[in-house]
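Observations on the model geometry
These are the residues of each chain, in order.
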Amino acid sequence: QAVVLTANGTRAFSAGADLKEFGDAPAGTGTVERRTLLVRTLLAVLDFPKPLLCAVQARALGAGWMLALAADEAIASESAAFGMPEIRIGSATSIGAVLLAARSNPGVARRLVQTGEPIDAAEAFRRGLVDAAVPAARLRASAIERALVLGAYTPSAYAGNKRWLNRAIRAELMAAAD
């Protein structure tokens, strides 16, 4: 058994939070609650005992990309794009930095977080930030094929490995949330 998260439409997998809303809000208004909810969601993905995959068909920005980074595997359509645009409105993304560094390396994480520049699916695959980049017509089938492979493993072994592999990411997320 496994879970595949996906979205409908061609505009976005998830555009994350409305960053313009943050720019107009007084300092601290709602940000603690939003950060708490985001961290709780990401920890639920990391702690989910079964394989959890994301099938990303379009843009995945900010918290939307964080969701895909926290998944066990992310399969992207070749037309997908990824980015952490928070810096462009004057907001830090320590949580995004943690997840990017965990999936790739600190240099790649630094460039993406400090510039807010988007990357396409091919570049994300080259950098280890997604597990596959496939034609849009094959996205659903590819994600289901991987889910069937991962879901066939002994559940307790998969869950145990996942807990162990995610322990450092959990600790870093908690530190970043503070």
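Here the structure is a predicted model, which means the values were calculated and not measured.

This part takes up helix α4 (residues 94–103). Here α4 has its buried residues at I95, G96, V98, L99, L100 and R103. Along its buried surface, α4 packs onto α2 (31–47), α3 (63–70), α5 (106–115) and α8 (155–177).

Turning next to the pattern of salt bridges. In the structure shown here, the tally under the stated rule is seven salt bridges. Here R170 and D47 are joined by a salt bridge, their closest N and O atoms 2.8 Å apart. Residue R170 is located in helix α8, and its partner D47 is located in helix α2; the two are separated by 123 residues in the primary sequence. Taking relative accessible area as the criterion, D47 reaches 41% and is therefore assigned partly exposed.

As a further point, take the sheet that holds strand β1 (residues 3–5). Overall, parallel pairing links the four strands, which are arranged β1-β3-β5-β8 in an open sheet. With one partner strand each, in any of the chains shown, β1 and β8 (132–134) form the two edges of the open sheet. Recorded for the sheet is a direction-independent mean angle of 25° between the axes of neighbouring strands. With four bridges connecting them, strand β3 (residues 52–56) and strand β5 (residues 73–77) associate as parallel partners. Bridged to V56 within β5 is A76.

Cut-offs used in this document
Residues numbered from 1 in each chain as written. Predicted model: local features only at pLDDT ≥ 70, side-chain atom pairs only at ≥ 80, totals over all residues. Heavy atoms only, no water. Buried < 20%, exposed > 50% of the residue type's maximum accessible area, 1.4 Å probe, protein only. Helix = DSSP H or I, 4+ residues; strand = E, 2+ residues; numbered from the N terminus. Contact = heavy atoms within 4.5 Å. Salt bridge = Lys/Arg side-chain N within 4 Å of Asp/Glu carboxyl O. Pairing = 2+ DSSP bridges. Axes fitted to C-alpha atoms, helices over the stretch in contact; angles between N-to-C directions.

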